[in-house]
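Results of the structural survey
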Amino acid sequence: AFVSLAVNVYRQQHGIRRALQLEMFNNKAFRDRAVALSKLTCEGLVDVLHARYPTTDMATLRTAVDVAHRLIYGTLDQNLMYEDAPTDHVLADSTLAEELVLAVHAYLERRLV
């Protein structure tokens, strides 16, 4: 659900997301606000995963969520930068979401089990 939401938001707010990326690159105060939002998002995701993997230590959960977050948003940011196809292989949003879910799920299962 998180990945689908992120892909949809990026699609719906394509122009504003590009403008935000540029502003974050040039404006430290703006970037710091974005980092604070990412930290808040990751804290919530750590809580969700902690409920699913209660025996996993919190440091491992935090690292896993941070990497998963980077995988998702790094991919979406790259799509913004290259107008949807950094490799010239355009993916439908549904396909992109499905593939990101598979990648993140495989990583989390490997890392947390």
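Here is a short report on the structure shown in this document. Predicted model, so just to flag it, every value in this text is computed and none were measured. (Residues numbered from 1 in each chain as written. Predicted model: local features only at pLDDT ≥ 70, side-chain atom pairs only at ≥ 80, totals over all residues. Heavy atoms only, no water.)

Side note on the overall build of the protein
On a plain count of helices and strands, the protein comes out with five helices and zero strands. Written out in order from the N terminus, the α and β elements of the protein read α-α-α-α-α. By the burial criterion, 26% of the 113 residues in the protein qualify as buried. Contacts in the protein between residues far apart in sequence, at least 24 positions, make up 69% of those at least 6 positions apart. Accessible area of the protein: about 7600 Å², with a carbon and sulfur share of 58%. Side chains of the protein give 12 positive and 14 negative charges; the mean places of these two sets differ by 7 Å. (Helix = DSSP H or I, 4+ residues; strand = E, 2+ residues; numbered from the N terminus. Buried < 20%, exposed > 50% of the residue type's maximum accessible area, 1.4 Å probe, protein only. Contact = heavy atoms within 4.5 Å. Areas by Shrake-Rupley, 256 points an atom, 1.4 Å probe, with all protein chains shown as cover. Lys, Arg positive; Asp, Glu negative; His and termini not counted. Charge placed at Lys NZ, Arg CZ, Asp CG, Glu CD.)

Observations concerning the side chain of Arg-17
In this fold, Arg-17 is placed in helix H2 (residues 14–26). Among buried Asp, Glu, Lys and Arg side chains, Arg-17 stands out as unpaired, with Asp-77 the closest opposite charge at 4.7 Å. Look past the residues within four positions of Arg-17 in its chain and what remains in contact with it is Tyr-10 and Leu-80. (Salt bridge = Lys/Arg side-chain N within 4 Å of Asp/Glu carboxyl O.)

Focus on helix H3 (residues 28–52)
Taking 1.5 Å of rise per residue, 25 residues should cover 36 Å, and H3 covers 36 Å from first to last C-alpha, within 8% of that figure. Turning to H3, its buried residues are Cys-42, Val-46 and Leu-49. The secondary structure elements touched by the buried residues of H3 are helix H4 (58–81) and helix H5 (93–112). Where H3 begins, the capping side chain belongs to Asn-27, and its oxygen is found 3.0 Å from the backbone nitrogen of Ala-29. (Expected span 1.5 Å × (residues − 1). Polar contact = N/O pair within 3.5 Å; in protein donor to acceptor, adjacent residues only side chain to side chain.)

What to know about the environment of Val-104
Relative to the helices and strands, Val-104 is located in helix H5. Each C-alpha atom of the pair Val-104 and Ala-59 lies 18 Å from the other, and the pair is 45 residues apart in sequence.

What to know about the nonpolar core
Residues Leu-49, Leu-76, Leu-108 and Leu-112 are the most contacted members of the largest nonpolar core, which totals 21 residues. Among the elements that line this core, the one with the most residues is H4, at seven residues. (Core = buried A, V, L, I, M, F, W, Y, C linked by side-chain atoms within 4.5 Å.)

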